[in-house]
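# Observations on the three-dimensional arrangement
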Amino acid sequence: MSLQSDLYTYLRGLTTITDQVAARIYPHNAPTSAAFPYITYARISSTHEHHMTAAAGLSSQVIQFDVFASTIAEAEAAADALRAAMDGFQGGTMGSTAVRHIELTNERDTFLPPADDSEVGVYNISVDFSIWAAESVPTFPAP
């Protein structure tokens, strides 16, 4: 399994998250029919550590989570639950991924104005986490 799949399973198993967004956690994009509030997430960068002779088996991925809600209070509650569940996590597993450390690196708030005459916009809070995790490294025969 990948870190992203394991994140989905981890978050779906936390009542602090599902109390806020139920099962509405989506990789990359939510369906247009998704009810608010919901969370999307995607990897925005990834680096892989190496030592002198090969890959070290450690990667750092920045995962961006976006909370979308119809009120700022809903967006803040879900973003707070994400921060509490992720920031500072270390030395444990998420599914099959051995996580070394998770650190909150950035967050930002935006408001998406209404696209029609409804006067109802969308509140969006983006939260980025740097996740250091072990990775399986392929081995190759010596030349």
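From a predicted model like this one, the values you see are computed outputs, not experimental measurements.

Definitions and cut-offs
- Residues numbered from 1 in each chain as written.
- Predicted model: local features only at pLDDT ≥ 70, side-chain atom pairs only at ≥ 80, totals over all residues.
- Heavy atoms only, no water.
- Helix = DSSP H or I, 4+ residues; strand = E, 2+ residues; numbered from the N terminus.
- Contact = heavy atoms within 4.5 Å.
- Areas by Shrake-Rupley, 256 points an atom, 1.4 Å probe, with all protein chains shown as cover.
- Lys, Arg positive; Asp, Glu negative; His and termini not counted.
- Charge placed at Lys NZ, Arg CZ, Asp CG, Glu CD.
- Phe/Tyr/Trp six-rings, centres within 6.5 Å; stacked < 30°, edge-to-face > 60°.
- Buried < 20%, exposed > 50% of the residue type's maximum accessible area, 1.4 Å probe, protein only.
- Salt bridge = Lys/Arg side-chain N within 4 Å of Asp/Glu carboxyl O.

## Focus on the overall build of the protein chain
- When helices and strands are counted, the protein chain shows three helices and six strands.
- Counting from the amino terminus, the protein chain carries its helices and strands in the arrangement α-α-β-β-β-α-β-β-β.
- When the backbone C-alpha atoms are referred to their principal axes, the protein chain occupies close to 65 × 30 × 25 Å.
- Residue pairs at least 24 apart in sequence account for 57% of intrachain contacts in the protein chain once pairs closer than 6 positions are excluded.
- Summing over all exposed atoms, the protein chain offers an accessible surface of approximately 8,100 Å²; the carbon and sulfur share of this is 54%.
- In the protein chain, 6 positive and 16 negative side-chain charges are present, and the distance between their average locations comes to 8 Å.

## Observations concerning the packing of aromatic side chains
- Enumeration according to the criterion identifies seven aromatic pairs in this entry.
- Both rings, one in Y26 and one in Y38, keep their centres 5.9 Å apart while their planes meet at 75°; by these two values the pair is edge-to-face. Within this pair, whereas Y26 is found in strand β1 (residues 25-27), its partner Y38 is found in strand β2 (residues 38-50), the two being separated by 12 residues in sequence.
- Accessibility expressed as a relative area gives 18% for Y26, which makes it buried.
- Under the relative-accessibility criterion, Y38 is labelled buried at 12%.
- Judged by centre distance (4.8 Å) and plane angle (55°), the rings of F111 and Y123 are tilted. With a gap of 12 residues between them, F111 in strand β5 (residues 97-112) and Y123 in strand β6 (residues 122-134) connect regions that are remote in the sequence.
- The class of F111 is partly exposed, set by a relative accessible area of 42%.
- A connected cluster of aromatic rings, assembled from ring pairs, spans Y26, F36, Y38 and F68.

## Remarks on the pattern of salt bridges
- Tallied over the entire structure, the rule returns three salt bridges.
- As a salt-bridge pair, R83 and D80 come within 2.0 Å of each other at their nearest N and O atoms. Of this pair, R83 and D80 are both found in helix α3 (residues 72-86), three residues apart, which corresponds to roughly one turn of the helix.
- Given a relative accessible area of 22%, R83 falls into the partly exposed group.
- R108 serves as the salt-bridge partner of D128, at 3.3 Å between the closest nitrogen and oxygen.

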